Amino acid sequence: KIIQYMIAMKQEILWVFVIVFIIYAITIAPSVAGGDSGELLAEACQLGTAHPPGYPLFTMIMHFVMKLPPVLGTKAAWANLACAFFGAVTAATLALMVIEIMPDASRGAAFSAAGFYAFSPLVWQYSTTAEVFALNNALNALILSRAIAFARKRQIKDARLGALLCGLALCNQHTALLFEIPLVLWMISMLLKQNLIKTLPSLIGIGLFGLLPYLYLPLATPKQGSWGNVHSFNGFLHHFLRRDYGTLRLYSGAAKANDTTLQRVSAYFIDVAKRQSNPLYTLPVLAFVGFLGLLFDRMNFTVLTDVSTISKNSKQRRKSRLRAYNEEKKGHGGDTNESAPLSEVALPLAATLWFYLFLFHSLSNLPLDDPLLYGVHARFWMQPNLIIALFAGIGIEVLAKVIGSRLLNKPKHQPAARLAVLLIATQLQLGIRPGGAPGSIFLAGLRKTWNIQSSLAPPAWYFHNYARALLTPLPKNALLLVNYDQQWTSLRYQQVCEGYRTDVTVLQLSMMTYGWWETRRKLYPHINWPGTHYTKELTVDWAHHGGFTFKELLDANYATFSGNVFFGGKLSYADTGFHQVYDFIPYGLLKKIIHKQQSTQSLESIVKSTRKVWNITLSQLTHHSGIPIEPIHSEETWEWTINRELFDHIAERAAFILERAIAEADSSSSSSIDEKTLKRRIRHLFEAAIWLEYCIKYDNHLTTAAVKNSGLADVHIVKSPTLSQSPNVTDLFEYHKVLAGPDQKMKTFSDLFPQAFSSDYKTWASERFMYAWGDFLQREDARNDAQYDTIKDIYMTVTSKGRKSPSSS
């Protein structure tokens, strides 16, 4: 009905919807995105229960959307397209609100409000990937629109539709309540003025009716991987109130937020001014102008009362609306009791904006000094940006009046149109340019040839590839325990929606820590559960409340899975018992868990097997596209975490090989071993050195441990017996070339250090050891390393003998 209304009443609105939807459709991600997207889509595919508060409306909508024929390549692409539809509805509704507030407004003003919002980097990102935010934006925009429409005409049908939308919005995202509270109070004040307060009980009933999608949660069949125990009243209430995270809180992690409410509000306005505006400060300045224009404008609301007033062009339509308004005034003897002054709209909308900003930022507990968590927090700024964009569109109209009528002596619609074209064009440029605001480069088309700036923004297959890079190398019927959200969400989508590697059992450790996990154990009959839930060792919860440790879970299942047990992420709790019995071996982007007493695998065997795993991993990561790189994907984006994890695991494998190689060398003298064994040991040191050199060259966040290990590998190469030629080492990165950006030619190890492949390889190793340890000693956190003094003594001894430090590369 909303769409029908827009088509019938405003042709401009239809154009906004079509234009925005086409641009969004061209730029949707072709598969699953980061964040919660994978988990939400997995629960939609299997009609399960998403993380609190459950998102039943989104789950049901996406379930039917992803049932459509797979002509877009993946099920996630359909869900992304649905979010593009919601984003286009939001833009069209913003344009509609401008016309509802000022019926004589120019097309430029309406288009500007839509363009400012739709093409801001933050909104664009979440309107082209499957998350709850696009639907939340649409529902809140429609609620605002119905509140404005009721203020304009006092027609109870607008209040009823607004009440229904309020209920539906709460079925998608609870932050809608921060709009609904001030808007409902505004609605009640208008009902009192119009003696319509008797309709309030029916409106409440309609709002409660809008909450009916929540009945889905207790009615849904329990599924593997789903959250909570929503089939009891207490469990449902627990889930609805988000008690797993803390009611009215966003975050339950260990890091504490030190920011004040005012600092968070300030961060919001800085984001609007500098990241969502182009040129800088455009949005807040225009929004302030628009607010003042409404506040001090003496013109009352006008209304388009009949579809018959629609004319053939926008100029005639504006005249028709004004004519209808003047006739209405004349019919009421100049009395405009049925409509409110513009100031009575400006103040409630501004109050809604400030209510959201202060209440949300007083409750939000995400630490904003963490770039990734800052990006998570920023997603909730799209909702107040609706009002900012609305005021900014009206600001265009106000400026057009001043520039056109008073300065240029021309009709206001001419400068308004020119301003709108200029500002929307710059806003579009902000949304598509690489290195812009976080997440602004989701420019993957439905097909690779459709990409905008495809050379700078390769198709967003990152998390699709990432999940397959995790699953593909695993042996059949393996057990994978993860404790990292991005692994969990992307794996869930691949297994549940795409049916990929469903033979692998994937469990999330953090979900096992909740009390409701006891009710979920029966969904995994092939797992031996040593207790009711995962907890810390040597605690009351462990001793008396049925908890089990990570070691106990492994003890019960290691033999069942024939030792094919793998782990991703970090343990939730310290577990000394685990480290006494088990060990980790690097396995691509995961770790394989081995029993120390049962493992007889040699280092050579581990090096060869993990090299094969990495060959598969890199092949999967580069399918369709490369890896996410900076600055296109900053630290505030989910994509950046793939880049970070890749380099962490590269350095981890190198450190593992280096440690074992040094241990082998220390356990026997080089004079007592044959030449073949000696070459193999030096080859292991070389392989570790090569992998660490790639970290030094391409990792923008190089860790101090990696720098130290690089120097350590070089030192042991120098100390080892001299070979006639450097060892022959397979360089996977030379073959896959994944570490540089799409516009950069990746320099391989052989390109960077040709001397390393000559008989003079020890000279290269000496220079690189000096470079690496020189960097290490300059790092502040290096002083906390137990070997700092030893490394410093070695470094100073060598430099005192006149060895020159090489130039940095």
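Attention in this report is confined to the structure presented alongside it. Owing to the predicted nature of the structure, the values given are computational and were not obtained by experimental measurement.

Ranked by internal contacts, the top residues of the largest apolar core, which has 248 residues, are M62, I101, L481, M512 and L739. With 20 residues, helix 5 (residues 75–101) is the largest single contributor of residues to this core. Setting aside its immediate chain neighbours within four residues, M512 contacts L481, L507, W517, W529, H533, Y534, F548 and L553.

Another aspect to go through is the state of the cysteines. Under the defined criterion, the tally for this structure stands at one disulfide. With its sulfur 2.2 Å from that of its partner, C45 forms a disulfide with C497. The disulfide joining C45 to C497 has a torsion of about 115° about its S-S bond and is therefore right-handed. With C45 in helix 3 (residues 37–46) and C497 in the loop between helix 22 (485–496) and strand 2 (505–508), this residue pair connects regions lying 452 residues apart in the sequence. Exposure class is identical for C45 and C497. Each is buried.

Below, the discussion takes up the pattern of salt bridges. According to the stated counting rule, one finds 21 salt bridges in the structure shown. A salt bridge links E604 to R683; the nearest nitrogen and oxygen atoms lie 3.3 Å apart. One end of the pair, E604, is in helix 27 (residues 603–621); the other, R683, is in helix 29 (residues 675–698), with 79 residues separating them in the sequence. Classification of E604 as buried rests on a relative accessible area of 16%. By relative accessible area, R683 is classed as partly exposed at 22%. The network of salt bridges with shared partners includes E100, R146 and D158.

This paragraph deals with unusual backbone geometry. P53 follows P52 through a cis peptide bond whose omega is 10°. Secondary-structure assignment places P53 in the loop between helix 3 and helix 4 (56–65). The backbone of N195 shows a phi angle near 55°, a positive value even though the residue is not glycine.

Basis of the calculations
- Residues numbered from 1 in each chain as written.
- Predicted model: local features only at pLDDT ≥ 70, side-chain atom pairs only at ≥ 80, totals over all residues.
- Heavy atoms only, no water.
- Core = buried A, V, L, I, M, F, W, Y, C linked by side-chain atoms within 4.5 Å.
- Buried < 20%, exposed > 50% of the residue type's maximum accessible area, 1.4 Å probe, protein only.
- Helix = DSSP H or I, 4+ residues; strand = E, 2+ residues; numbered from the N terminus.
- Contact = heavy atoms within 4.5 Å.
- Disulfide = S-S within 2.5 Å.
- Salt bridge = Lys/Arg side-chain N within 4 Å of Asp/Glu carboxyl O.

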